[in-house]
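# Working through the structure, step by step
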Amino acid sequence: MVNVAIAYFSGRGHTLRLADYIAGALGDENCNARLIDVTQVTEMDWAAMEAADAILFGAPTYMGSVAAEFKMFMDSTSGIWSEQLWADKLAGGFTVATFPGGDKLSSLMQMNIFAAQHGMVWVGQDQIGAPVVPENDGINASGVWLGLGATTSRDKTLMVHQGDLETARRFGVRVARAARRWSV
Ligand SMILES: Cc1cc2nc3c(=O)[nH]c(=O)nc-3n(C[C@H](O)[C@H](O)[C@H](O)COP(=O)(O)O)c2cc1C
C-alpha cells in the first residue's frame, strides 16, 4: 500500500481543512495518509516521513511566503537533506490565502525548491478551471498549477471555497495515482 505523509502548519484551521480533504481522497484511493502538524513532530512522524512514498507540504501564505512555523520545519530538515533521506520520494504542495492571487504561488515555489533540495520528484496540479472547461466551475479557481492554491471562504463552516475543497480532493486523487505509478 502507498504511504503518504502530509506535513502541514495551520494557524486557524484553513490549511488543515485542505489537508483533511487531501487525506480523505487518499484514503478513498486505498492509500495510507498520515497528517503531521509540523509544530509538534514526533519521532514516529519523522520515521513515517522517512518511510513514506510521498510527502505533501501544506502551509498558509503569510506575508507572501510560507508561514514562519512551516519555514522552521523546513530548516529543521537540513540533517535529512545532508543524507538525502527523502531523495526520489514524490512531493507536492498546497497553500491557502485570503486573496485569489494572494502571492500563494510564492509559497508553492518555496515548497517546490525545498523538495528539489531534498532530491524529491514534484507532482503539480492537473485541473483546468471554468474559463476553459465550463463544467469545472470553481475548480482550480486561482489558476495555479505548481500545486494546490486555495482561497479562504467567508463561510466558516467551509473555511475554504467549495470549489477549492473539491480541487483538494482531486489533488489527493492525483497524488495517489502518481504514487502508485511511481512505486511500480
Ligand atoms: C500574518 C498573516 C499574513 C498573511 N498574509 C497573507 C498574504 O500575503 N496573502 C493573502 O492572500 N493572505 C494572507 N493572509 C491570510 C491567510 O493566508 C489566510 O487567513 C489563511 O486562510 C490562513 O490559513 P490557516 O488558517 O491555515 O493559518 C495572512 C494572514 C496572516 C495571519
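Residues numbered from 1 in each chain as written. Predicted model: local features only at pLDDT ≥ 70, side-chain atom pairs only at ≥ 80, totals over all residues. Heavy atoms only, no water.

### Some thoughts on the pairing of strand 1 (residues 3–8)
Of all six residues in strand 1, five are buried; the element is thus mostly enclosed. Both strand 1 and strand 2 (residues 32–37) contribute to a ladder of six bridges, which runs parallel. Bridged to A7 within strand 2 is I36. The parallel pair strand 1 and strand 2, bridged by helix 1 (residues 14–28), forms a crossover whose chirality is right-handed. Across five bridges, strand 1 lies against strand 3 (residues 54–58) in parallel orientation. Note on strand 3: the bridge partner recorded for A7 is F57. (Buried < 20%, exposed > 50% of the residue type's maximum accessible area, 1.4 Å probe, protein only. Helix = DSSP H or I, 4+ residues; strand = E, 2+ residues; numbered from the N terminus. Pairing = 2+ DSSP bridges. Right-handed = clockwise from strand over helix to strand, strands pointing away.)

### A word on the site of the ligand
Lining the immediate surroundings of the ligand are 17 residues, of which S10, H14, T15, Y62 and M63 lie closest. Between the ligand and G64, the relevant distance is 3.0 Å, taken from an oxygen atom to a main-chain nitrogen or oxygen of the residue. Between an oxygen atom of the ligand and a main-chain N or O atom of F99, the distance comes to 3.0 Å. For the ligand, the protein covers 75% of the area, taking 650 Å² as the surface of the free molecule. Sorting the residues of the shell around the ligand by element identifies helix 1, strand 4 (61–62) and strand 6 (90–97) as the ones contributing at least two each. Looking at side-chain class alone, the shell around the ligand contains six nonpolar, 10 polar and one charged residues. (Near = heavy atom within 4 Å. Polar contact = N/O pair within 3.5 Å; in protein donor to acceptor, adjacent residues only side chain to side chain. Areas by Shrake-Rupley, 256 points an atom, 1.4 Å probe, with all protein chains shown as cover. Nonpolar A, V, L, I, M, F, W, Y, C, P; charged D, E, K, R; others polar.)

### Some points on the UniProt feature "domain: Flavodoxin-like" (unreviewed entry) in the chain
Mapped onto this structure's residue numbering, the UniProt feature "domain: Flavodoxin-like" (unreviewed entry) falls at residues 4–150. Secondary structure across residues 4–150 comprises 35% helix and 22% strand; the distance between its end C-alpha atoms is 21 Å. (UniProt positions renumbered as here; feature names shortened; annotations may be inferred.)

### Overview of the environment of E50
Residue position: E50 is located in helix 2 (residues 43–51). E50 gets classed as partly exposed once you look at its relative accessible area, which sits at 45%. Measuring from C-alpha to C-alpha, the distance between E50 and M111 comes to 18 Å, with 61 residues separating the pair along the chain. Sequence-distant contacts of E50, defined by excluding residues within four places in its chain, comprise L85, W86 and K89. (Contact = heavy atoms within 4.5 Å.)

### Some remarks on the packing of aromatic side chains
Under the counting rule described, the total for this entry stands at eight aromatic pairs. Between F57 and F114, the ring centres sit 5.1 Å apart and the planes meet at 70°, which makes this aromatic pair edge-to-face. In this pair, F57 is assigned in strand 3 and F114 in helix 5 (residues 104–117), connecting sequence segments 57 residues apart. Judged by its relative accessible area of 0%, F57 falls in the buried class. When the ring of W86 is compared with that of F114, the centres are 6.4 Å apart and the planes differ by 85°; the resulting orientation is edge-to-face. In this pair, W86 is assigned in the loop between helix 4 (78–83) and strand 6 and F114 in helix 5, connecting sequence segments 28 residues apart. (Phe/Tyr/Trp six-rings, centres within 6.5 Å; stacked < 30°, edge-to-face > 60°.)

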